[in-house]
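Read off the chains here:
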Amino acid sequence: MSEERDKLCFFVNGKKVTESHADPETVLLSYLRERLRLPGTKSGCGGGGCGACTVMVSRYQPATRTVVHHSANACLLPVCQLHGAAVTTVEGIGSTRTRIHPVQERIAKAHGSQCGFCTPGMVMSMYTLLRNKPQPRLEDVTQALAGNLCRCTGYRPIVDGCRTFCQEAACCPDDACGSCCMNGEDGPEEPEEPELFDEEEFLPLDPTQELIFPPELILEAKASPKTLTFRGERVTWVSPASLEELVQLRSSNPEAPLVMGNTHIGPEMKFKGVLHPLIISPARVAELFEVAQTSQGVWIGAGCSLFEVGSVLEKLLPSYPEEKTELFRALIQQLRSLGNQQIRNVATLGGNIMSAYPNSDLNPVLAAGRSRLSVISDGGRREVPLDRDFFVSFGKTALQPEEIVLSVLIPFSRKWEFVQAFRQAPRKDGSFATVTTGMRVLFSEGSRVVQDLSVYFGGMGPTTVSAAETCAAIITRPWDEETLGRAYDVLLDELVLPPSAPGGKVEFRRSLTLSFLFKFYLEVLQKLREMGVVTGEVQEAIQPLPRELQRNLQEFQHVSRNQSDWDPVGRPIMHCSAISQATGEAVYCDDIPKTDGELFLVPVTSSRAHAKITGVDVSEALKLPGVFDVVTARDIPGKKVREAYGYTEELFAESEVSCIGQILCAVVADSRAHAKRGAAAVKIGYEDLPDPVFTIEDAIARSSFFEPRRDIQRGRLTEAFQTADRLFEGEIRMGGQEHFYMETQSMLVVPVGEQAELNVYVSTQSPTTAQEVISETLDIPSNRVVCHVKRIGGAFGGKLTKTAILVSITSVAAWKTNRAVRCILERGDDMLITGGRHPVLAKYKVGFMRDGRIVAADVQYFMNGGNTVDESTLVAEKVLLNLDAAYNIPNLRGSCSICRTNLPSNTAFRGFGIPQCLLVVENMVNDVAMALGRPADQIREINMYRGPSVTHYKLEFDPENLHRCWEECMLKSDYRARRAAVDQFNKRNRWKKRGVAIIPVKHGIGFSEPFLNQAGALVHVYKDGSVLVLHGGTEMGQGLHTKMQQVASRELHIPSSKIYISETSTNTVPNTVPTAASFGTDANGIAVKNACQVLYQRLEPFRRKDPKGSWESWVKAAVFDQVSLSATGFYRGPEYYMDWDKKEGHPYPYFLYGVCCCEVEVEVLTGDSRTVRTDIVVDVGRSLNPSVDVGQIEGAFLQGVGLYTMEELKFSPSGLLYTRGPSQYKIPAVCDLPLRLNVYLLADSYNPHAIYSSKGIGEPTLFLGSSVFFAIKEAVVAARSESGLVGPFQLDTPSTPERTCLACASPFIQKIPTSKPGSFKPWALNI
Ligand SMILES: Cc1cc2nc3c(=O)[nH]c(=O)nc-3n(C[C@H](O)[C@H](O)[C@H](O)COP(=O)(O)OP(=O)(O)OC[C@H]3O[C@@H](n4cnc5c(N)ncnc54)[C@H](O)[C@@H]3O)c2cc1C
Ligand code: FES
Ligand code: FES
């Protein structure tokens, strides 16, 4: 091959880009951000799983003479693949400097942008949809957004903003909500009610304003193609122009992959470090994209994207009788939930087949449907059946390495032939299936006798597998229960998974094979009945879970009539940087331009859970191109450890490691890619230490705890247990949670160059902590370190202590090299290193009376703290402080122990232990209800605090608003009627069950350590009248800056437009406390108010002198009169405290109350569920900003739904976190939004303890997500009763489909043999 290389040409936002040195390893995302300086497109995962990097790609299709637009993940698109394409990024569609695009405007103004990190991706997914379909249906919107994750908003406001483009029918189907939301008192739109946004003010969508497709690219597309070659540092890319050339190239390089969508090869190269020196890109070979109809079916080119495959099949449906298109429809159905829109737009049919994923969604259906492949090589063409012999082993097929799949036959079905596909996945959309299947049956004409049957499964082994023996047991027999009954046993014997099979979930997976066969049986039976072959009553086929979103309602109070128009307090003001976030102009840490000589840092982490370090060899790393240095503990000039709560934590492990993921050293290089390669080349020697501790049980057995171990008690337990009518002992296990902030840990440390000064740009909730640890680490005074936080792309407690360690390490590198050093963790490293919410095992004993009163409870909590103490002891204290939940249990005892284990250390997470604490208590109350056979809401009501009350730590409070929330939620949700309707539903449905639950929350706000109750502010008024507000809180999406602007506006009597908040920094407001504990607004609000009042007073003489003057004239006059227009403000909070020796205190200024009612529908056979309705009532006092508060409520609620029902961390038996990205760890997506979500802010509530009578709201409603868990548990109760099971049972969280399905104990579950614990090594640990 010659050494020639071609120029890569494509367009970005209408401008031509010509790259003479295109590197095949460069993906569009880094090219846009680093080369073209277009940082609007964000990186959230790098693997196609989060959508933050979504762009639109447009190409001219000469055959149809049309321009085709599709959304794509820039993180998986090799730049070399873009030759001849036009790319549009968020910067290309609108900006604040020119004109913002309606999509940007509507998402922002509908309050769909909080931290904003996901917003550009959301905007681009929606923008692309509108380019293809200017008036979409709501379903199109949810499909388009299905691949975009947001960790802040809960999606409702994003969908509501986007639905303004839809021409939708205004009414909801009454099936899911029980009554029409458009009429009667239930109706959402009382015209006089205030609304969160006003659709009337939105810009219209004007397609004529969009960028035109570059004519140059049209000409180029029409010209005859020529071979293109691009050469990079390690990889060469060849894109042949013809099929002959492709065949030749492949036959001489059979090991080189054919890169089409790059959705398989890309992640392999990125995450597994696979290097392909040669890549063949057949994307311009026309034969791979041809579609041909024949008498056998339709041949679809292997290069067609999965989206195109779906479209082709859909278009063909009307042309053929239904009986011929059974396979088409099964494939269409499967394609709807395969991956997400961005993936389906680029991933190809041939790529999916040839990647031979064990859980490919297409392969089982294609195989069952008797598909064939047309393949070509230099030996000629041949047809290969896609059957049981095709999938040889993991990732391998029967094709020869040099063979190329040209096209795939999707055969027509015949009369009396039926095809179906089913899949079950951890999340409904955007998730690989746990088990997936394709099934086809052919009957002898006019009979129910099976003539032919084929059944294939994915997810049941290393390849797509055929259940041939099961089929043989059914063929020639009638399609009836007896045949199927026998077939289940054959299937169980045929598809055996060993108990330690990779992927785990063994019983669940096995049960799914039976369940799918049963579902197929019912579907086919139904069809046979319709065709008159089967007569009489037959069991109905199982309908899919409901999915139509309905109108939502957010109810809040008007501001008083007397409030001035300019005064924004209490109004639903948009997040102050929402527009910049939607246009991609908002600057996050990694968007700061690179400085000269800047280095990139990648940490080297331990691969052993507990071992002595016997050697660190960096020699190979230092030889690699671009690697500049390796930083170790020896380079730290100051303290090598962080001290916290009586323990120390090393910045770099020096002699011993205590978890996988612990940082040992760090490589700095001239680019991310080089630093990453350098880190991979560092060799660490280990000598394993015996018996690592991983699980809570291990820790208990070995007494491995962090001290102190707290307890608390009120009343007399022993006596109370003796006098109780009944006793119950229970247990629940609660999984941990990954923060999954969309912006990973990010920091940039820039040495100023004199007197040891450093400028630090860091995404942290506590710039002061970062400043302190850097100064200690480098042994320099704090006055040399300035930490700047402009905004944070989500934090949730995870950007505090862990960031402090990372930023100290980065500053050591900057110190040593005297260069700017940037560290942006990859998602996988972030998840591996930084820990999350503490998993909990709780055991309780409860004593109660026959009338439902709980008289005594003793709860023991064990939390998995990981390898360092971090803030775990404070988390344990919060657990015990909230032990009483909403209930007056007269005799109550709790203890909480933090287990020291060899897992990454856990840390603060929204709610700080309270979500764990309350779940256990509510589960205990549920058990009491189940033991008494009474509805849980009654037991809750009976035991709730009432009248003047005292907590178990002797704090007096008035629970009146708790009751008001409870009653209002009962009323608004129509709880009683819906409960009755749920019972009816459950009687009618055997395989689907509903559950409804109503759950209260009482949550103490603020810090219980006195010194944390302080805040500072600095306000400058400039000569032109503009105002700069600086305060100690950080903006991480929670709208703190917006609220502070509102406060300043009210106090200075000027509109918010004159006020700006540029950043949080340690040189403007010193000694700040972390922005946490839902306390940011309470504390900083008073500091800002204080400073503004001082300034307002200083202007008083000028106002008096010139009453008709303006703000600007008074300011100018004051400046000329030598008056200082800069003031500091301070908040010194009361001395809240908790005395753990006396077990009493006043740790909180006030409580926030809320109640949530949720109804869910559960599919018994798969454990899938959907929340059909949620009503939340929250007492936020007098809301400072209803849109921000509703945003916090909804976002926290959905994060809670994730915690309690979806998000599952998995660790290997050696302590390695398996779940290191969105592909393995499922946070809620748009598909998890309740079909109807109503939020009501309690009216007429006042709070004397916080600014303007408001309440802090960031954390408490996370717990309300547990109402989905309890509703699922209710549905499970109904399912269990069908199997004759009644009374309390243990359902751990997250109640994933697996746990839910197993708990339902259907006859299929009961058929699955279970392996005795201890008799095998499970694939994953139950930590
Ligand atoms: C986030 C994410 C979610 C996903 N979810 C799902 C899911 O839910 N269900 C599911 O089934 N899949 C899922 N996938 C997998 C995805 O469908 C496959 O990666 C994709 O179909 C592969 O196609 P591609 O064009 O991107 O292949 P590439 O990565 O470009 O290539 C893959 C392999 O196929 C070979 N190949 C490609 N074309 C041909 C050809 N014509 N002839 C011979 N060999 C060929 C290549 O040599 C290469 O080895 C997901 C992937 C991602 C990244
Ligand atoms: S960064 Fe591309 S999908 Fe997550
Ligand atoms: S606003 Fe969506 S991730 Fe923060």
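Along each chain, the written sequence defines residue order, and numbers are assigned to residues from 1. The naming scheme follows written order: chains are lettered A onward, ligands numbered 1 onward. Given that the model is predicted, a residue must reach a pLDDT of at least 70 before its local features are reported, and side-chain atom pairs must reach 80 or more before they are shown or counted; all residues, however, enter totals for whole chains, interfaces and linings. With hydrogens and water excluded, all non-hydrogen atoms of the structure serve as input to the side-chain values.

Visitor: Just give me the short version of the site of ligand 1, but keep the residues and values in it.
Guide: The near set for a molecule or strand comprises every residue that places at least one heavy atom within 4 Å of it. Near ligand 1 there are 32 residues, and of these Met 260, Gly 261, Thr 263, Thr 348 and Asp 361 occur at the shortest range. Polar contacts, as counted here, are pairs of nitrogen or oxygen atoms within 3.5 Å of one another; within protein the pair requires one atom able to donate a hydrogen and one able to accept it, and residues that are adjacent in sequence qualify only if both atoms are side-chain atoms. Taking Met 260, its main chain carries an N or O atom lying 2.7 Å from an oxygen atom of ligand 1. Side-chain polar atom of Asp 361 to a nitrogen atom of ligand 1: 2.7 Å apart, as the coordinates give it. The accessible surface values rely on the Shrake-Rupley method and a 1.4 Å probe; as for residues, cover is taken only from the protein chains in view. Considering ligand 1 on its own, with 990 Å² of exposed area, one finds that the protein chains cover 95% of that surface. Only runs of H or I of at least four residues qualify as helices and only runs of E of at least two qualify as strands under DSSP, and these elements are numbered from the N terminus. For the shell around ligand 1, the secondary-structure elements that each account for two or more residues are helix 14 (349–355) and strand 15 (404–411). Residues that form the shell around ligand 1 fall into these classes: 15 nonpolar, 14 polar and 3 charged. Amino acid classes used here: Ala, Val, Leu, Ile, Met, Phe, Trp, Tyr, Cys and Pro are nonpolar; Asp, Glu, Lys and Arg are charged; the rest, including Gly, are polar.

Visitor: An account of the sheet that holds strand 42 (residues 1027–1031) is needed here, citing residue identities and associated values.
Guide: A pair of strands counts as paired when DSSP detects no fewer than two bridges linking them. One open sheet accounts for 4 strands, arranged 43-42-41-45; its pairing is mixed. Unpaired on one side and paired on the other, strand 43 (1059–1060) and strand 45 (1126–1132) mark the two borders of the sheet. Along the sheet face, helix 32 (residues 1040–1052) touches strand 42 and strand 43 and points at about 125 degrees away from the line of strand 42. The contact criterion used throughout is that any non-hydrogen atoms of two residues lie within 4.5 Å. The angle between two axes is taken between their N-to-C directions and runs from 0 to 180 degrees, where each axis is a line fitted to C-alpha atoms and a helix contributes only its stretch in contact.

Visitor: Please set out helix 29 (residues 936–943) residue by residue, giving values where relevant.
Guide: Within helix 29 the residues assigned to the buried category are Ala 936, Asp 937, Ile 939, Arg 940 and Asn 943. In a view along the axis of helix 29, the buried residues occupy a sector of 160 degrees, so they form one face of it. Close packing links the buried residues of helix 29 with strand 36 (854–866), helix 28 (914–932), helix 30 (960–973), helix 31 (975–988), strand 40 (992–1005) and helix 36 (1266–1282). Each residue's exposure class comes from its accessible area (1.4 Å probe, protein chains only) as a fraction of the maximum for that residue type: buried when under 20%, exposed when over 50%, partly exposed otherwise. Regarding the arc, it is the one traced by the directions from the helix axis to the C-beta atoms.

Visitor: Talk me through the environment of Pro 1317; I want residue IDs and the actual numbers.
Guide: Mapped onto the elements, Pro 1317 comes out in the segment after helix 38 (1307–1311). The spatial distance from the C-alpha of Pro 1317 to the C-alpha of Pro 499 is 9.6 Å, given a sequence separation of 818 residues.

Visitor: How would you explain helix 1 (residues 28–35) if you had to name every residue and give the values?
Guide: Listed in full, the buried residues belonging to helix 1 are Leu 28, Leu 29, Tyr 31, Leu 32 and Arg 33. Of the surrounding elements, those touching the buried residues of helix 1 are strand 1 (8–12), strand 2 (15–19), strand 3 (54–61) and strand 5 (86–88). Of the residues trailing helix 1, Arg 37 is marked for its positive phi of about 55 degrees.

Visitor: Could you give an account of the pairing of strand 3, naming the residues involved and the relevant values?
Guide: By the criterion of burial, strand 3 is predominantly enclosed, with 6 of the 8 residues buried. In this structure, strand 3 lies alongside strand 4 (residues 66–73), joined through 8 bridges in antiparallel fashion. Residue pairing for strand 4: Val 57 is matched across the bridge by His 70. Linking strand 3 to strand 4, which pair antiparallel, is a turn of 4 residues; within it Arg 65 sits at a positive phi near 55 degrees. Pairing between strand 3 and strand 5: 3 bridges, direction antiparallel. Pairing of Ser 58 across the sheet is with Ala 86, part of strand 5.

Visitor: Tell me what's going on with the sheet that holds strand 26 (residues 656–657), and back it up with residues and numbers.
Guide: Taken in spatial order, the 3 strands make up an open sheet running 26-22-28, and their pairing is antiparallel. Single-partner strands in this sheet number two, and they are strand 26 and strand 28 (683–688). Bridging between strand 22 (residues 611–617) and strand 26 involves 2 bridges; their strand directions are antiparallel. The residue bridging Ala 611 from the neighbouring strand is Val 657, located in strand 26.

Visitor: Talk me through the packing of helix 35 (residues 1186–1206) against helix 36; I want residue IDs and the actual numbers.
Guide: At their nearest, the axes of helix 35 and helix 36 sit 7 Å apart, and the two run at 45 degrees to each other. By the angle between their axes, helix 35 is oblique relative to helix 36. Along the contact surface, helix 35 presents Phe 1197, Val 1201, Tyr 1204 and Thr 1205, while helix 36 presents Ser 1266, Ser 1267, Val 1268, Phe 1269 and Ile 1272. Classifying every residue of the contact of helix 35 with helix 36 gives 6 nonpolar, 3 polar and no charged. Orientation categories follow fixed angle ranges, with anything under 35 degrees roughly parallel, anything over 145 roughly antiparallel, 65 to 115 roughly perpendicular, and all other angles oblique.

Visitor: Describe in detail the confidence of the model for the chain, supporting the description with residues and values.
Guide: The pLDDT averaged across the chain works out to 95; a share of 98% of its residues lies at or above 70. Contacts of residues 170–191 to residues separated by more than four positions or lying in other chains number 33 contacts, the stretch itself having pLDDT below 50. pLDDT gives the predictor's per-residue confidence on a scale running from 0 to 100.

Visitor: I'd like to hear about the nonpolar core, residue by residue, with values.
Guide: Counting residues in each nonpolar core, the largest one holds 266 residues, and the members touching the most others are Phe 457, Trp 479 and Tyr 861. The contacts of Trp 479, once residues within four sequence positions are left out, are Val 441, Phe 443, Arg 448, Val 450, Ile 474, Leu 484, Phe 520, Tyr 521, Val 524, Leu 525 and Leu 528. Buried Ala, Val, Leu, Ile, Met, Phe, Trp, Tyr and Cys residues form a nonpolar core when they are joined through side-chain atoms within 4.5 Å. One finds Tyr 31, Cys 75, Ile 404 and Val 419 within the second-largest nonpolar core, a separate group that totals 86 residues.

Visitor: Any chance you could break down the pattern of salt bridges for me, citing the residues and the numbers?
Guide: What counts as a salt bridge is simple: a side-chain nitrogen of Lys or Arg found within 4 Å of a carboxyl oxygen of Asp or Glu. Counting across every chain of the model gives 78 salt bridges. A salt bridge links Asp 590 to Arg 822; the shortest N-O distance between them is 3.1 Å. Here Asp 590 is found in the loop between helix 19 (578–583) and strand 21 (599–605), whereas its partner Arg 822 is found in strand 34 (residues 821–824), with 232 residues between them in sequence. Measuring nitrogen to oxygen at the nearest pair gives 4.0 Å for the salt bridge that ties Arg 976 to Glu 941. Of this pair, Arg 976 sits in helix 31 while Glu 941 sits in helix 29, placing them 35 residues apart in sequence. Since its relative accessible area comes to 51%, Arg 976 is described here as exposed. Judged by relative accessible area, Glu 941 falls into the partly exposed class, the value being 28%. Connected via shared salt-bridge partners are Arg 33, Glu 34, Lys 42, Asp 590, Asp 591, Glu 598, Arg 672 and Arg 822.

Visitor: Hey, could you go over the packing of aromatic side chains for me, with residue numbers and the actual values?
Guide: For Phe, Tyr and Trp, rings pair up if their centres lie within 6.5 Å, where Trp contributes its six-membered ring, and each pair is then called stacked (planes under 30 degrees apart), edge-to-face (over 60) or tilted (otherwise). Within the structure shown, the criterion is met by 29 aromatic pairs. Look at Phe 740 and Tyr 1225: their rings are 6.4 Å apart centre to centre, the planes differ by 20 degrees, and that puts the pair in the stacked class. Taken as a pair, Phe 740 in the loop between strand 30 (726–734) and strand 31 (746–751) and Tyr 1225 in the loop between helix 35 and strand 50 (1237–1241) lie far apart in primary sequence, 485 residues in all. Taken as a pair, Phe 740 and Tyr 1225 share a single burial class, namely buried. One aromatic cluster in this structure is built from Phe 418, Phe 443, Trp 479, Tyr 488, Phe 518, Phe 520, Tyr 521, Trp 991 and Phe 1308. The ring of Phe 705 carries Arg 709 above its face, with NZ or CZ at 3.8 Å from the centroid. Only when the NZ of Lys or the CZ of Arg is both within 6 Å of the ring centre and within 35 degrees of the ring normal is a charge said to sit over the ring. It is Arg 791 that lies over the ring of Tyr 588; its NZ or CZ is 5.6 Å from the centre.

Visitor: For the pairing of strand 50, give the residues involved together with the corresponding values.
Guide: The element strand 50 is extensively covered by neighbouring structure, given that 5 of its 5 residues are classed as buried. Bridging between strand 20 (residues 553–555) and strand 50 involves 3 bridges; their strand directions are parallel. Within strand 50, the residue paired with Gln 554 across the bridge is Val 1239. Across 5 bridges, strand 49 (residues 1169–1179) lies against strand 50 in parallel orientation. Bridging from a neighbouring strand, Asp 1175 pairs with Asn 1238 of strand 50.

Visitor: Pulling in residues and values, what's your account of a negative patch on the surface?
Guide: Note that patches include only residues with greater than 30% relative accessible area and no salt bridge, and the join distances are 9 Å for like charges and 5 Å for nonpolar side chains (Val, Leu, Ile, Met, Phe, Trp, Tyr). His is not counted here, nor are the chain ends, while Lys and Arg score as positive and Asp and Glu score as negative. To locate a charge, take NZ of a lysine, CZ of an arginine, CG of an aspartate or CD of a glutamate. A cluster of acidic residues, Glu 193, Glu 195, Asp 198, Glu 199 and Glu 200, forms a negative patch at the surface. Examined against the element boundaries, Glu 199 turns out to sit in the loop between helix 7 (174–177) and helix 8 (215–222).

Visitor: Go over the environment of Val 312 with me, naming the residues and quoting the values.
Guide: For Val 312, the location among the structural elements is in helix 11 (residues 306–316). As for Val 312 and Ile 332, which are separated by 20 residues in sequence, their C-alpha atoms are 9.7 Å apart. Ignoring sequence-local partners within four residues, the contact set of Val 312 consists of Val 291 and Ile 300.

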